[in-house]
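# Geometric and topological summary
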Amino acid sequence: MLAAAEVKKLESVETNNTSSNSHGDSFQRQGQSAAATASPAATLPPIPSSVVVGGGSNSTSYELAHFEPVRILTNNSTHKTVSLLGHFSNLSRDEYAIVVLEKTAFTEKQLRNPVTTANSDVETSRISESEQQNATAADGKSFFSAKSQLRTEFVNDIYGNFLCVTDPEINQLKTTIIYPATEKHIVKFEAQARYLVEETAEDYQTVTLPHLEKEQLSLEWVFNILEHRKEKERIVYEDPSDETGFILLPDLKWDGKTVEQLYLLALIRKRGIKSLRDLTPAHLPLLRNIKDRGCEVIKSRYGIGADQLRIHLHYQPSFYHLHVHFTYLKHDPPGINAEKSHLLTTVIGNLELVPDYYQKVTLPCVLRESDNLYKKITAVKGETKEPEAKRARK
Ligand code: M7G
């Protein structure tokens, strides 16, 4: 948690109460020339040119006591998420870190009577041994214990408002840290204007594709997973086939435990398939395999059926190595909106009906104002908009 003194140090506060800018809807593309791009640089301290793309933080141990916030990037009251830009003073004041704090959802276990909770092993039986080892002390603890105390705000007749101070173990914050964060990461987390762009097949060939070849967000984390260098213990399922294989594991946005917020990612093993745009009927066995095996595994491990899953792809994605999102229908994480999400069933159906569907179709996508791709596409279409800050001054 942030100390009061640290909060006072914040230079500016931007509050965003809509879900559109919440932390997870995209990791913006990170160009090789990131330090030279994007308008928010005007309001930020300069990004040092020595920023190491892809992160050299493998053995870094982070301590929030050393985190010095300089700016609130987003504060989303719907998702109960805040993204902070700052420095870890014990690591480097020349490099930025982004710290994302998220209040986690209630789990059913936490809401049961503690005695029932202790006796219930129905859910734990579904969870693997490694997951049980990783489980925190929070598991099995209930809000209804002596550790929860009510502080009275007011009581009026039969109505009462209280603040509940509870066991810290069940009041944890999911925390994501990006360090060193580049300017592209900062732009991604910052509340800013976004526009819906209709990318035609021609726009893709003449603008998007050359842009991707020039400005490529590092896929290092993807290859680390595929080659078992990172997150190995988080793998839920792996199909090793070269053509139709994939790795299923919890998304960065999911703690891997709170089933109510289930969010898994299927990363394909085959290299070179960037996005929806590359898909042809040759990939149908791969897509069907991801859908069928993914659903089976999720059903047996988490007890959630295929009819409770939202299985979708993003366009534009942040990372151009094909992957499929599996999210619980009950949970509304960022990135499920119509303007970004394409259901896997629909994608398979489109490819079955029209083999070159994704090479021909106009695909709408939402881009941020300071995204270079937005600037390039709108320049070609002759639709360049004035930056929001300039408009606001008029
Ligand atoms: P996307 O559609 O490319 O972009 O999805 P999005 O961020 O706009 O959704 C990439 C997905 O990969 C997102 O859901 C991220 O949360 C997730 N993700 C990103 N990183 C860097 C990691 C990581 O290091 N590990 C895991 N497990 N997931 C990640």
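This structure is a prediction, so every number in the text was calculated from the model and none was measured.

### Looking at the packing of aromatic side chains
Applying the stated criterion across every chain, the model contains 10 aromatic pairs. Considering the side-chain rings of Tyr357 and Tyr358, the 4.8 Å spacing of their centres and the 75° angle between planes classify their relative orientation as edge-to-face. An aromatic cluster is defined as three or more aromatic residues linked by ring pairs; in this entry it consists of Tyr62, Phe67, Phe88 and Tyr179. Just above the ring of Phe189 sits the side chain of Lys188; from NZ or CZ to the centre is 4.2 Å.

### Topic: the confidence of the model for the protein
Mean pLDDT over the protein: 80, with 75% of residues reaching 70 or higher. Predicted confidence for residues 1–57 stays below pLDDT 50, and this span has 147 contacts to residues more than four positions away or in other chains. Every residue in residues 117–137 is under pLDDT 50, and counting partners more than four places away or in other chains gives 25 contacts.

### Structural notes on the pattern of salt bridges
In total, this model carries 19 salt bridges according to the counting rule given. In this structure, Lys381 and Asp203 form a salt bridge, with 2.8 Å as the shortest nitrogen-oxygen distance. Pair noted here: Lys381 is in helix α10 (residues 372–381) and Asp203 is in helix α5 (residues 201–214), with a separation of 178 residues, a long-range link. Owing to a relative accessible area of 6%, Asp203 belongs among the buried residues under this scheme. Bridged by salt links that share partners, the residues Glu220, Glu227, Arg229 and Arg271 form one connected network.

### Comments concerning unusual backbone geometry
Omega for the bond connecting Tyr179 with Pro180 falls within 30 degrees of zero, at -5°, which places this linkage in the cis form. Locating Pro180 in the fold gives a position in strand β6 (residues 173–181). Put simply, Tyr315 and Gln316 share a cis peptide bond, and its omega is -10°. Following the sequence through the fold, Gln316 ends up in the loop between β11 (309–314) and β12 (323–328). Backbone geometry places Asp157, a non-glycine residue, at a positive phi of 55°. Inspection of the secondary structure assignment puts Asp157 in the loop between β4 (149–156) and β5 (159–165). The exposed category is assigned to Asp157, whose relative accessible area is 66%.

### Thoughts on the packing of helix α7 (residues 284–302) against helix α8 (residues 344–353)
Contact pair α7 / α8: the axes reach a minimum separation of 11 Å and the direction vectors enclose 155°. In terms of orientation, α7 lies roughly antiparallel with respect to α8. In terms of crossing hand, the pair formed by α7 and α8 is left-handed. Together, Leu284, Leu287, Arg288, Ile290 and Lys291 of α7 and Leu344, Thr345, Val347, Ile348, Leu351 and Glu352 of α8 make up the contact between the two elements. Tallied by class, the residues present in the contact of α7 with α8 amount to seven nonpolar, one polar and three charged.

### A short note on the pairing of strand β1 (residues 67–76)
Among the 10 residues in β1, eight count as buried, and that is most of the element. Where β1 and strand β2 (residues 81–88) come together, eight bridges link them in antiparallel fashion. Bridge pairing links Asn75 to Val82 in β2. Connecting the antiparallel pair β1 and β2 is a turn made up of four residues, with Lys80 showing a positive phi of about 50°.

### Focus on the sheet that holds β12
Pairing is antiparallel in the open sheet, where six strands are placed in the order β8-β9-β10-β12-β11-β13. Lying at the two open borders of the sheet, with one neighbouring strand each, are β8 (237–239) and β13 (341–343). For this sheet, the mean inter-axis angle between neighbouring strands, taken without regard to orientation, is 30°. With three bridges joining them, β8 and strand β9 (residues 246–250) adopt antiparallel strand pairing. Bridging across to β9, Glu238 finds its partner in Ile247. Sitting on the sheet, α7 touches β8, β9, β10 (263–268), β11 and β12, and the angle it makes with β9 is about 40°. Taken strand by strand, α8 contacts β11, β12 and β13, and its axis lies near 65° from that of β13.

### Here's the deal with the environment of Gln216
Inspection of the secondary structure assignment puts Gln216 in the loop between α5 and α6 (220–226). Judged by its relative accessible area of 28%, Gln216 falls in the partly exposed class. Taking the C-alpha atoms as reference points, Gln216 and Phe319, 103 residues apart in sequence, are found 8.5 Å from one another.

### Concerning the nonpolar core
In this structure, Leu248, Leu262, Leu264, Ile290, Ile298 and Phe326 are the most contacted members of the largest nonpolar core, which totals 50 residues. If one sorts the elements of this core by residue count, α7 sits on top with eight residues.

### Observations concerning the packing of α5 against α10
Close contact between α5 and α10 brings their axes to 10 Å; oriented N to C, the two are set at 155°. With respect to α10, the element α5 is oriented roughly antiparallel. The hand of the α5/α10 crossing is right-handed. Contact residues: α5 offers Asp203, Val207, Thr208, His211 and Lys214, while α10 offers Asn372, Leu373, Lys376, Ile377, Val380 and Lys381.

Rules used in this analysis
Per-chain numbering applies: the sequence of each chain, read as written, is numbered from 1 onward. A pLDDT threshold of at least 70 governs which residues receive local features in this predicted model, and a stricter bar of 80 or more applies before side-chain atom pairs are shown or counted, although totals over entire chains, interfaces and linings include all residues. Hydrogens and waters are ignored; side-chain quantities use all the structure's heavy atoms. Only centres within 6.5 Å qualify two rings of Phe, Tyr or Trp (six-membered ring in Trp) as a pair; their planes then separate them into stacked at under 30 degrees, edge-to-face at over 60, and tilted for everything else. To sit over a ring, a charge needs its Lys NZ or Arg CZ within 6 Å of the ring centre and within 35 degrees of the ring normal. Known as pLDDT, the predictor's per-residue confidence is scaled from 0 to 100. In what follows, a contact means two residues having at least one pair of non-hydrogen atoms within 4.5 Å. What counts as a salt bridge is simple: a side-chain nitrogen of Lys or Arg found within 4 Å of a carboxyl oxygen of Asp or Glu. Helix and strand definitions follow DSSP, with helices as H or I runs of at least four residues and strands as E runs of at least two, each counted in order from the N terminus. Exposure categories follow from relative accessible area, calculated using a 1.4 Å probe and restricted to protein chains: below 20% of the type maximum is buried, above 50% is exposed, and the middle band is partly exposed. Whenever a helix is involved, its axis is fitted only over the stretch in contact; in every case the axis is a line through C-alpha atoms, and angles between N-to-C directions fall within 0 to 180 degrees. Relative orientations are named as follows: roughly parallel for angles under 35 degrees, roughly antiparallel for angles over 145 degrees, roughly perpendicular for angles from 65 to 115 degrees, and oblique for any other angle. We call a crossing left-handed when the near helix sits turned anticlockwise from the far one by less than a right angle, and right-handed when that turn is clockwise. Gly counts as polar in this scheme, as do all residues outside two lists: the nonpolar Ala, Val, Leu, Ile, Met, Phe, Trp, Tyr, Cys and Pro, and the charged Asp, Glu, Lys and Arg. Strands are labelled as partners when DSSP assigns at least two bridges between them. Throughout this description, the term nonpolar core refers to a set of buried Ala, Val, Leu, Ile, Met, Phe, Trp, Tyr and Cys residues connected via side-chain atoms within 4.5 Å.

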